[in-house]
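# Overview (structure and organization)
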Amino acid sequence: MKLTVWTYEGPPHVGAMRVATAMKGLHYVLHAPQGDTYADLLFTMIERRNHRPPVTYTTFQARDLGADTANLFKTACQEAVDRFKPQAIIVGASCTAELIQDDPGGMAETMDLGIPVIPLELPSYQRKENFGADETFFQIVKHLSKPQGRTNRITCNILGPTALGFRNRDDVEEITGLLSDLGIVVNVVAPLNATPADIARLPAAHFNVLLYPETGEAAARWLEKNHDQPFTKVVPIGAGATRDFIAELARITGKPLAYDESRLRLPWWSASVDSTYLTGKRVFLFGDGSHVMAMARVARDEMGFEVIGMGCYNREMARPLRAMAKEYGVEALITDDYLEVERTLEELSPEMILGTQMERHIGKRLGIPCAVISAPVHVQDFPARYSPVMGFEGANVLFDTLVHPLVMGLEEHLLTMFREDFEFHDEAGASHHGGHATRRIAEPDQEVAARQPAQDNAPPDLSISDEAKEEPASGSDVLVWLADAERELKKIPFFVRGKARRNTESYAAEKGLQKISVETLYEAKAHYAR
Amino acid sequence: MNAPTLPVGGGCRTAPVLKERGQREVFCGLTGIIWLHRKMQDAFFLVVGSRTCAHLLQSAAGVMIFAEPRFGTAILEETDLAGLADSQKEVDRVVEQLLARRPDIRQLFLVGSCPSEVIKIDLSRAAERLSAKHAPHVRVLNYSGSGIETTFTQGEDAALACMVPVLPETDARELVVVGALPDVVEDQMIALLSAMGIDNVRCLPAQRIDGETGVGPNTVFALAQPFLGDTHAALERRGARHIPAPFPFGEEGTTAWLAAIAAEFDVPAQTFEAVTDAPRARARKAVAQASEHLNGKSVFFFPDSQLEIPLARFLTRECGMTAIEVGSPYIHDAIVGPDLDLLPQGPVISEGQDVEKQLDRARAARADLTVCGLGLANPLEAEGLATKWAIELVFTPVHFYEQAGDLAGLFSRPLRRKSILKVEAAE
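Residues numbered from 1 in each chain as written. Chains lettered and ligands numbered in written order. Predicted model: local features only at pLDDT ≥ 70, side-chain atom pairs only at ≥ 80, totals over all residues. Heavy atoms only, no water.

### Overview of the overall build of chain B
Across its full length, chain B holds 17 helices and 14 strands. Relative to the compact-globule value of 22 Å for 427 residues, chain B shows a C-alpha radius of gyration of 22 Å, a close match. Taken along the three principal axes of its C-alpha coordinates, chain B extends 65 × 60 × 40 Å. Within chain B, the proportion of its 427 residues that are buried is 63%. Taking contacts inside chain B between residues at least 6 apart in sequence as the whole, the part at least 24 apart equals 76%. (Helix = DSSP H or I, 4+ residues; strand = E, 2+ residues; numbered from the N terminus. Rg over C-alpha atoms; globule rule 2.2 N^0.38 Å. Buried < 20%, exposed > 50% of the residue type's maximum accessible area, 1.4 Å probe, protein only. Contact = heavy atoms within 4.5 Å.)

Written out as structure tokens, the structure reads:
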């Protein structure tokens, strides 16, 4: 048993639902108890889908367990096929049904339903949501794709976008447009909006564009092996990666590809003097492996941030992410334990987090701004406007996304110059973020106030147990901050205060000092000046 | 004079009930933890279940409450299923870990789930052992919130029912109000009862273990929520007596509920009127204002929280609506009987669910307002039906006089919104 508070990924059958819900003309018959239907609301509420997910739940109850759950499955399966008339069905079990071992796949295959039946084996007690999506899509491709000749023109498939994916809708549109500009026609996008008949046509393309390795890699590998279709390895997030992606396309197609960068604004926006203040901002990245790795490059090479740590929650990506972290000279954090991520953030106290909605909430509590770059998703990750993160427009979107949470250049200076202003103080937050300016209260410990901003929705008793929060920063149990140094520290704006404290303490420790004075603070500042 | 008038054509108590069996689009009982853990401030709910249970709890509230909550999941792993790990020892280990982390916890609920029930992990044995070990600081109880046994609000019923046997014995003549209410609503209720001279009102659940309620042969109890069948039975087993009444939704329901208690405690009619006249008038006025958009409209209830019958009674009698179908996961006649008596004949009363068939009926009926769960609301809106998501009725203060207008407002807002939006393309 593993004690869990929040999870980054749902169970594998939710991954299968992401594939089924993305597709058209496919139905999922899920052997599951009452209550598992909660997953429908992820799609209808978070993603605002206007259709129910195409899923039939057998809804067995305790009294059925001794009787005939198998028959219940068969009835549900037949009724679903009669009512929804899908081109194919996928069948499987949720965690509870896995335990009663009815073998839904075997049963459905013997039912003579007149359409392809694709059985899913998703081990609920070992694997998670991304695996479920990847495996389901792979099984669908394996069962439905048909050998055939290539199209005359150069075509590709786009693999991996699903329902509930992070910005998948707009990424697909952006990349489809980019490919079209390069003279490459998209044969099929899958699973998003694909029908089983479309899946059958996959092998007609010359190669595959794998946009989302988390949910499409098994299918891409199978198509490479069985239909001789190479697939792209570069995820086109950011200006540099998009250029590399185009270079990779040129290698695969064997043609020089001319492209137009006139819409790409990130390089100039980043080079213009207004962005100088972004230099060396210390950022921590966490999310799914693919997004984190792509965003680390954007953060360091295209925004001029300093990457101080990175991690992912999906172990499947641990190896490449560790390699990249090593190259960046930072530790890789591979965990699906939300509390461990929180502890790491408290220790490192970055100036900004690039994370998921979970890290956004951690950041809110710690007073660290956060830009969301990866699933798990929230209703806010489905904006009404066009908002890709891939391709050239995606790079533009990312520039805005990464700048928005920060206090802007001149404002940052003003805060530094006039720290004691009663309404323009650092706890008031960035002036372009409405609704949470708080008047400075004459409180003995303003740092605590800054770390638990008043706008936080969480009532105090919900907050993380105090032991973690009050744990002194490393070394401070032997170091003593003198009162005037402590006061001086509080004059430093909150978004760099954590760094100043840590730097001063490590400097003091290095020098073998026991007490920290104002002098030490500024010695340390000079020492670490860049 | 305080008794509500019965419908002229008769009520729904004897109406035939359409019983259905099939796919259910409802939450399981674990969902109750979302509000119970907020209500009981020294309690922790530990679900012994799967990743699905953890994911449900995280998603069910519609919003995620990302702070360390007072609930968690001990996720079963392969070794637990293969019998390689002793489940009792594993529960002990996780509980030790949890209590070390949260020394403020006084009551711990071990909550069974579908997988823990199927593989038969004996949580009552674990609760007994752990209770003995951690007494008197922590009391450990257990109940099942599994989907194979409980539907949505039945989870709260199971949680409260498991507390009843350990409530201290008392001979005091006391009123216990059963069902988790928002704090503000609970305070209003206690103020009303106290003004009538009924003091020492106890609540189940109490906010803290020390504020606890005793029970015995002189206890009378009133239910604040209609889904508390098992708790009702458990209290009767302890010798307590139920005061049946319509539920305190709307002006009429609140008055009838209070009147039943007043009668039990021999409150003089004059006192009752003195206490209730002003809030009654306020409630009537508020409901009249808020129900402007509801008057003359029809409503269709999908089964969800078991609040459907009392709410249909409120909407039909106080807001001028017509009910087409009133679906409920379960119908306990002894509990919702008084509401059924008052609900005018006409609607289909259905129990259980076959969601596809019910959707066919809802599409045929095209009610002005369809009350349903979150999984169905947007798809039905896309088909042109105005909907009210049912879960909000459980998460919002809606009981008693001062909330009567808000309750009507919850139903009228979708209709009002539909009438003000001009977002369709011109024809």
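### Notes on the pairing of strand β3 (residues 71-75) of chain B
By the criterion of burial, β3(B) is predominantly enclosed, with 5 of the 5 residues buried. Going residue by residue along β3(B), you find Phe71(B), Thr73(B) and Ile75(B) tucked away on one face and Gly72(B) and Ala74(B) tucked away on the opposite face as well. Sheet topology note: the strand β1 (residues 2-4) of chain A/β3(B) ladder contains 3 bridges and is antiparallel. Note that in β3(B) the partner of Thr4(A) across the bridge is Thr73(B). Pairing geometry for strand β2 (residues 43-49) of chain B and β3(B), over 5 bridges, is parallel. (Pairing = 2+ DSSP bridges.)

### With respect to the sheet that holds strand β10 (residues 306-312) of chain A
All names here are of chain A. Sheet architecture is open: 5 strands sit in the order β11-β10-β9-β12-β13, paired in parallel fashion. Two strands close off the open sheet at either side, each with one partner strand: β11 (332-334) and β13 (370-372). With direction set aside, neighbouring strand axes in the sheet form an average angle of 20 degrees. Sitting on the sheet, helix α14 (residues 318-328) is in contact with β10 and β11, with an inclination near 165 degrees to β10. (Axes fitted to C-alpha atoms, helices over the stretch in contact; angles between N-to-C directions.)

### Comments concerning the packing of helix α12 (residues 308-318) of chain B against helix α17 (residues 401-420) of chain B
Residue and element names in this part refer to chain B. Contact pair α12 / α17: the axes reach a minimum separation of 11 Å and the direction vectors enclose 90 degrees. In terms of axis orientation, α12 runs roughly perpendicular to α17. Side by side, α12 and α17 meet where Leu311, Phe314 and Leu315 of the first sit next to Ala404, Leu407, Ala408 and Phe411 of the second. (Parallel < 35°, antiparallel > 145°, perpendicular 65-115°, else oblique.)

### A closer look at the pattern of salt bridges
Residues and elements named next belong to chain B. Following the criterion strictly, the structure yields 46 salt bridges over all chains and no others. A salt bridge links Glu264 to Arg173; the nearest nitrogen and oxygen atoms lie 3.0 Å apart. Taken as a pair, Glu264 in helix α10 (residues 250-264) and Arg173 in the loop between α7 (154-163) and β6 (175-178) lie far apart in primary sequence, 91 residues in all. Note on Glu264: relative accessible area 18%, which makes it buried. (Salt bridge = Lys/Arg side-chain N within 4 Å of Asp/Glu carboxyl O.)

### Overview of helix α8 (residues 168-181) of chain A
Residue and element names in this part refer to chain A. Over its 14 residues, α8 extends 20 Å from the first C-alpha to the last, a length consistent with the 20 Å expected when each residue adds 1.5 Å. Along α8, the residues classified as buried are Asn168, Asp170, Asp171, Val172, Glu174, Ile175, Leu178 and Leu179. The inward-facing, buried residues of α8 contact β6 (155-159), β7 (185-190), β8 (207-210), α11 (239-253) and α17 (391-403). Gly183 lies just past α8 and shows a positive phi near 85 degrees. (Expected span 1.5 Å × (residues − 1).)

### Quick look at the environment of Pro347(B)
Residue and element names in this part refer to chain B. If you trace the backbone, Pro347 turns up in the loop between α13 (333-342) and β12 (348-353). The class of Pro347 is buried, set by a relative accessible area of 9%. Remark: the alpha-carbon pair of Pro347 and Cys12, spanning 335 residues in sequence, is separated by 8.2 Å. Once residues within four sequence positions are removed from consideration, Pro347 is found in contact with Cys12, Ala323, Ile324, Glu325 and Val326.

### Observations regarding empty space enclosed by the protein
Tallied over the full model, the rule gives 8 cavities of 30 Å³ or more. Arg18(A), Glu129(A), Leu164(A), Ala375(A) and Pro376(A) are, among the 34 residues lining the largest cavity, the residues nearest its centre. Elements that contribute at least two residues to the lining of the largest cavity include exactly α2 (39-46), α7 (129-144), α10 (213-227) and α13 (289-302) of chain A together with α2 (51-60) of chain B. Of the residues contributing to the lining of the largest cavity, the split by class is 16 nonpolar, 13 polar and 5 charged. Roughly 120 Å³ of volume is contained in the second largest cavity. Tallied by class, residues from the lining of the second largest cavity come to 6 nonpolar, 3 polar and 2 charged. (1 Å grid on protein atoms, 1.4 Å probe; cavity = no way out; pocket = protein on both sides within 12 Å on 5 of 7 lines; lining within 4 Å. Points joined across faces, edges and corners; volume = space filled by probe spheres on them. Nonpolar A, V, L, I, M, F, W, Y, C, P; charged D, E, K, R; others polar.)

### A look at the packing of aromatic side chains
A full pass over the atoms with the stated rule returns 12 aromatic pairs over all chains. On the numbers, 5.0 Å between centres and 10 degrees between planes, the contact of Tyr8(A) with Tyr313(A) is stacked. With Tyr8(A) in the loop between β1 and α1 (12-22) and Tyr313(A) in the loop between β10 and α14, the pair connects residues that are 305 residues apart, well separated along the chain. Ring geometry for Phe45(B) against Phe109(B): centres 4.7 Å apart, planes inclined by 5 degrees, an arrangement best described as stacked. Here Phe45(B), found in strand β2, pairs with Phe109(B), found in strand β4 (residues 107-112); they are 64 residues apart in sequence, far enough to count as distant. The pair Phe45(B) / Phe109(B) is uniform in exposure class, with both members buried. Each member of the aromatic cluster is reached from another via a ring pair, and the members are Phe27(B), Trp35(B), Phe152(B) and Phe395(B). (Phe/Tyr/Trp six-rings, centres within 6.5 Å; stacked < 30°, edge-to-face > 60°.)

### Topic: the sheet that holds strand β7 (residues 202-204) of chain B
Residue and element names in this part refer to chain B. As summarised here, the arrangement of the 4 strands in space is β7-β6-β8-β9, forming an open sheet in which the pairing is parallel. Among the strands making up the open sheet, the edge pair consists of β7 and β9 (241-242). Two elements, β6 and strand β8 (residues 220-223), share 4 bridges in a ladder whose sense is parallel. By the bridge assignment, Val178 is partnered in β8 with Leu223. Along the sheet, helix α9 (residues 229-237) makes contact with β6, β7, β8 and β9, crossing β8 at roughly 180 degrees.

### Some details on α10(A)
Residue and element names in this part refer to chain A. Listing the buried residues of α10 in full gives Pro213, Glu214, Thr215, Gly216, Ala219, Ala220, Trp222, Leu223 and His227. Among the structural elements, α1, α7, β6, β8 and α13 are those in contact with the buried residues of α10. Positive backbone phi, at 60 degrees, marks Asp228, one or two positions downstream of α10.

### A few points about the packing of helix α11 (residues 269-290) of chain B against α17(B)
Residue and element names in this part refer to chain B. Closest axis-to-axis distance for the α11/α17 pair is 7 Å, and the angle between their directions is 10 degrees. By the angle class used here, α11 and α17 are roughly parallel. Here Thr276, Pro279, Arg280, Arg282, Ala283, Ala286, Val287 and Ala290 of α11 come into contact with α17, specifically with Tyr401, Glu402, Ala404, Gly405, Ala408, Gly409 and Ser412. Of the residues belonging to the contact of α11 with α17, the class tally is 8 nonpolar, 4 polar and 3 charged.

### Brief notes about the pairing of β2(B)
Residue and element names in this part refer to chain B. The buried count for β2 comes to 7 of 7 residues, which makes it a mostly enclosed element. Burial of β2 is two-sided: the residues Ala43, Phe45, Val47 and Gly49 facing one way and the residues Phe44, Leu46 and Val48 facing the other way are all buried. Alignment of β2 against β4, held across 6 bridges, turns out to be parallel. The partner of Phe44 across the bridge, within β4, is Leu108.

### Quick look at a nonpolar patch on the surface
On the surface, a cluster of nonpolar side chains totalling about 300 Å² of accessible area is made up of Ile420(B), Leu421(B) and Val423(B). The topology assignment puts Val423(B) in the segment after α17. (Patch = residues over 30% accessible without salt bridge, like charges linked within 9 Å, V, L, I, M, F, W, Y side chains within 5 Å. Areas by Shrake-Rupley, 256 points an atom, 1.4 Å probe, with all protein chains shown as cover.)

### Quick look at the confidence of the model for chain B
Per-residue confidence for chain B averages 93 on the pLDDT scale, and 97% of its residues sit at or above 70. Confidence estimates for the predicted assembly give a pTM of 0.89 and an ipTM of 0.93. (pLDDT = per-residue confidence, 0-100.)

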